[in-house]
Amino acid sequence: MTAAASPEQAEPVRLIPTAPVAVIEIDNPPVNATSQTVRTGLLEAIREVDRNPQIEAVVMACAGRTFVAGADIREFGQSPREPHLPDVINAIEACSKPVVAAIHGTALGGGCEIALASHARVAEPGASFGLPEVKLGLVPGAGGTQRLPRLIGLEAALDLVTSGRNVKAAEALRLGLVDRLSSGDLRQDAIELARELIGQPLRRTGERPVAPMDAEAASAKAAEIRRKARGAEAPGKAAELVLLSASLPLKDGMARERETFLELRSSEQSAALRHAFFAEREVTRLPGLDSVEPRPVQKVGIVGAGTMGSGIAIAFADAGFDVKVVETSEQALAAGQTRIADVYDKQVGSGRLTAAARDERLRTIGYALGTSSLSDRDLVIEAVFEDLEVKRSLFRDLDGILPPGTILATNTSYLDISLIASVTSRPADVVGLHFFSPANVMKLLEIVRTDKTTADVVATGLSLAKRLRKIPVVCRVCDGFVGNRILSRYRLQAEYLLEEGALPHEIDAALEAFGFPMGPFAVSDLAGLDIAWARRKRLAPTRDPRERYVDIADRLCEAGRFGRKTGAGWYRYEGGKREVDPFVTTLVEESSQRRGLTRRRIPADEIQSRIRAAIVNEACKILDERIVERPLDVDVVMMHGYGYPAWRGGPLFEADRVGLQPILAQVKERADQDGPGWEPADGLVGCAASGAKFYP
Ligand code: 3HC
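Quick caveat: nothing in here was measured; it's all calculated off a predicted structure. (Residues numbered from 1 in each chain as written. Predicted model: local features only at pLDDT ≥ 70, side-chain atom pairs only at ≥ 80, totals over all residues. Heavy atoms only, no water.)

Draft legend 1. Representation of the packing of helix α5 (residues 154–163) against helix α9 (residues 234–244). Where α5 meets α9, the closest approach of the two axes is 9 Å, and the angle between their N-to-C directions is 155°. The orientation of α5 relative to α9 falls into the category roughly antiparallel. Where α5 crosses over α9, the handedness of that crossing is right-handed. For the pair α5 and α9, contact is made by L154, A157, L158, V161 and T162 and by P235, A238, A239, V242 and L243, respectively. When the residues that make up the contact of α5 with α9 are grouped by side-chain class, the tally is 9 nonpolar, 1 polar and no charged. (Axes fitted to C-alpha atoms, helices over the stretch in contact; angles between N-to-C directions. Helix = DSSP H or I, 4+ residues; strand = E, 2+ residues; numbered from the N terminus. Parallel < 35°, antiparallel > 145°, perpendicular 65-115°, else oblique. Left-handed = near helix turned anticlockwise from the far one by under 90°. Contact = heavy atoms within 4.5 Å. Nonpolar A, V, L, I, M, F, W, Y, C, P; charged D, E, K, R; others polar.)

Here it is as structure tokens:
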């Protein structure tokens, strides 16, 4: 009994007709997605289980690295083909004999829905579960919104379905999503449970009642979910469906769910999020690097135990590397050690980490004074003060200590890495590894290659990113690389808007409504205004005097307002809450006056489209200069490092949808108004003229 597979394909579903407990095995690499052949195979297998009198129960298991990781996302661009997943899953639940799901790896989306419709679930302790459809701009489409609340209750189901978060097996057990954890041999344990269920009444999830929520609480919850979604439509719709499970029979609830799923499947938001999903994976594949072997790295040295260095140390310790942190003084070293311990303590406090795991990680991080103890390291990353001469002197020193082959990386966010590399005898081994703060949390890693960096060093950066579970984007050297370079332009445009009539909180509100988690002024207060101030001072001698320069931020810094850490910046902070500050309003109005500008009310959509045009134009210049190879590299940087809403797919994906001509028109208008630096990028002009798209 096998699925209908084409002769050249391996069979994706196999029924092993052992009696009394048979096994249905799904084998569809890489992640056992429920493609059309899998759905067909599953349906046939479950029918055979029903028919075959020797079989009294069945275990649903997967070959390879994981249980079913969901519907086949690649099929979403095509029209749905029979048999549809909800029908297959309903057939599993309707089976006349007990079905036990044996789960290893990740049971996600359609995979989780298969598990929910099975009559019992056994999982490996390392397994995890989730309905991540909202992250693809969808709602679960095969019963997830209806069966999950029947199994774990409305509140927990709302959390999982609308956040798309994964839960580990232990939490799944606590929630009632899993019946048992396997103590060793997963398949054997599932067979055991299936045997126990033979002859007992079937436990069909779809037949369980759902305890309703108080109507007021439910609508407050749904409103909160919509607000937190910041413009993404799927979470709100998913919440409505979950809440319906309390009042509709399974069949009707599933019909509503299917309708919403199909509607969202063809939405722009889902197309953008699917683009984001595949782009995140595509960035790791760089033309010309596929056959290049990375260098082995296990021992990592980090110079500097400040916020950045500590975050990087944690990221490496979490990934199982042997880490050594060095500093120049006992005091700085002790402060770094405390900072690192505090992060882990917080994780233990919030239940994300066990005390034993914390102790284990803390043991993998060593501390020393001075760089001489780094001589046994495979990779050394500097995270010292952002100053070219400081970094050059450190690299000169490290070059003399480290054996040949050790990679030297800098975490600079703006500086010219070629100038840092040039003081060493090994510029080919020097690379930028630009982490984002907090480095142990943020996914993005810019890997910056100079003209001299060798391919195997870049490949090592990519392989490290994979081990660190980061999303890497390889780029070349320019001021600010990809993300900070775009950010600088977008900040400037925001400051022009200030002078023309908007106030910081209005610009922040417009961009938060656009979908950014925080507007640029709130971000600036969080990051600290002093870093950008230092950079402006550094660049002052080379600034084009014709360039429109806004000095409001400089005046804030001169007043000692460096952001949250000083209690005031673009806002003032009371009890951690940001508040509009009349001091800033006056500074802004004075600046308009000095420039002779009559302030006007600037509508949110003008703020949004001017900022978007600034981002797209700078992104095109980055492409023109071959700082990155592909539009998707820019999109991934902006989504993962700068909060560009993923449901818009990143600035260049969105630019295709908005149309390049209107964006170009806006860029030209800004160039007329704002002068040098704002000229349209050649690539943008060319694409707008020819009708070409970034994503044809
Ligand atoms: N469909 C098609 N391809 C998929 C896929 C899916 N659901 N999930 C992963 N893949 C592909 C990836 O694109 C990648 O292909 P590539 O090698 O050509 O780039 C390959 O499988 C391996 O994936 P990863 O590189 O991501 O491998 P990891 O081991 O890091 O992660 C994973 C594995 C946790 C399963 C991760 O791939 C993942 O989160 N996948 C998406 C899961 C998901 O969103 N499922 C829901 C789908 S929607 C759905 O089920 C609707 C239903 O309700 C009807």
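Here the narrative resumes.
Draft legend 2. Looking closely at the site of the ligand. By nearness alone, 27 residues border the ligand, and R65, A71, E113, E133 and R281 come closest of all. A distance of 2.8 Å separates an oxygen atom of the ligand from a polar backbone atom of A71. Residue R281 places a side-chain N or O atom 2.7 Å away from an oxygen atom belonging to the ligand. Considered on its own, the ligand offers 980 Å² of accessible surface; in the complex 77% of this is hidden by protein. Those elements that provide at least two residues to the shell around the ligand are β5 (106–108), α3 (110–117) and α11 (268–282). Here the shell around the ligand takes 3 residues from α11, the largest share from any one element. Partitioned by chemical class, the residues of the shell around the ligand number 15 nonpolar, 5 polar and 7 charged. (Near = heavy atom within 4 Å. Polar contact = N/O pair within 3.5 Å; in protein donor to acceptor, adjacent residues only side chain to side chain. Areas by Shrake-Rupley, 256 points an atom, 1.4 Å probe, with all protein chains shown as cover.)

Draft legend 3. Focus on the environment of E499. Of note, E499 is situated in helix α18 (residues 483–500). Of the residues examined, E499 reaches a relative accessible area of 1% and is grouped as buried. Expressed as a C-alpha distance, the spacing of E499 and A279, which sit 220 residues apart in the sequence, is 37 Å. What E499 contacts, discounting residues up to four positions off in sequence, is R548, V550, S591, S592, R595, L597 and R599. Within polar-contact distance, the side chain of E499 engages the side chain of R548 at 3.2 Å. (Buried < 20%, exposed > 50% of the residue type's maximum accessible area, 1.4 Å probe, protein only.)

Draft legend 4. Inspection of α11 at higher detail. Here α11 spans 21 Å end to end across 15 residues, near enough to the 21 Å set by a 1.5 Å rise per residue. Within α11 the residues assigned to the buried category are Q269, S270, A272, L273, R274, H275, A276 and A279. Along its buried surface, α11 packs onto α10 (250–265), α25 (631–641) and α26 (651–658). (Expected span 1.5 Å × (residues − 1).)

Draft legend 5. Summary view of the nonpolar core. Membership of the largest hydrophobic core comes to 92 residues, with the highest contact counts inside it found for L398, V482, I507, W570 and V634. Among the elements that take part in this core, helix α24 (residues 604–624) stands out by supplying 10 residues, more than any other. Residue-level mapping places this core at the junction of two domains, with at least three residues from each of domain 2 (299–477) and domain 3 (484–690). When near neighbours in sequence (up to four residues on either side) are disregarded, I507 contacts A494, L497, L498, A502, P520, F521 and I607. Counting 68 residues, the second largest nonpolar core, distinct from the first, contains A127, F129, L131 and L264. (Core = buried A, V, L, I, M, F, W, Y, C linked by side-chain atoms within 4.5 Å. Domains from an automatic or database assignment.)

Draft legend 6. Spatial organisation of the sheet that holds β5. Read across the sheet, 3 strands follow the order β5-β7-β8 without closing on themselves; strand pairing throughout is mixed. Each having just a single partner strand, β5 and β8 (167–168) make up the two edges of the open sheet. Strand direction decides the pairing type here: β5 and strand β7 (residues 128–130), joined by 3 bridges, are parallel. Across the sheet, the residue bridging to A107 is F129, located in β7. Against the sheet, α3 contacts β5 and β7, and its axis sits at roughly 90° relative to β5. (Pairing = 2+ DSSP bridges.)

Draft legend 7. Quick peek at the pattern of salt bridges. Enumeration according to the criterion identifies 60 salt bridges in this entry. A salt bridge links E25 to R14, with the nearest nitrogen and oxygen atoms 3.6 Å apart. You can see E25 sitting in strand β2 (residues 21–26) and its partner R14 sitting in strand β1 (residues 13–16), a full 11 residues away along the chain. On the basis of relative accessibility, which here comes to 11%, the residue E25 falls in the buried class. A single salt-bridge network, built from bridges that share partners, covers E499, E500, R548, R595, R600, E606, R610, R670 and D674. (Salt bridge = Lys/Arg side-chain N within 4 Å of Asp/Glu carboxyl O.)

Draft legend 8. Fine view of the environment of A459. Considering the arrangement of structural elements, one finds A459 in helix α17 (residues 455–468). Judged by relative accessible area, A459 falls into the buried class, the value being 9%. Distance from A459 to D290, taken between C-alpha atoms, is 8.5 Å for residues 169 residues apart in sequence. Apart from the residues lying within four places of it in its own chain, the contact partners of A459 are L289, V292 and P294.

Draft legend 9. Up close: the domain arrangement of the protein. Each assigned domain of the protein is listed here: domain 1 (13–265), domain 2 (299–477) and domain 3 (484–690). Using only C-alpha atoms to locate each centre, domain 1 and domain 2 end up separated by 41 Å.

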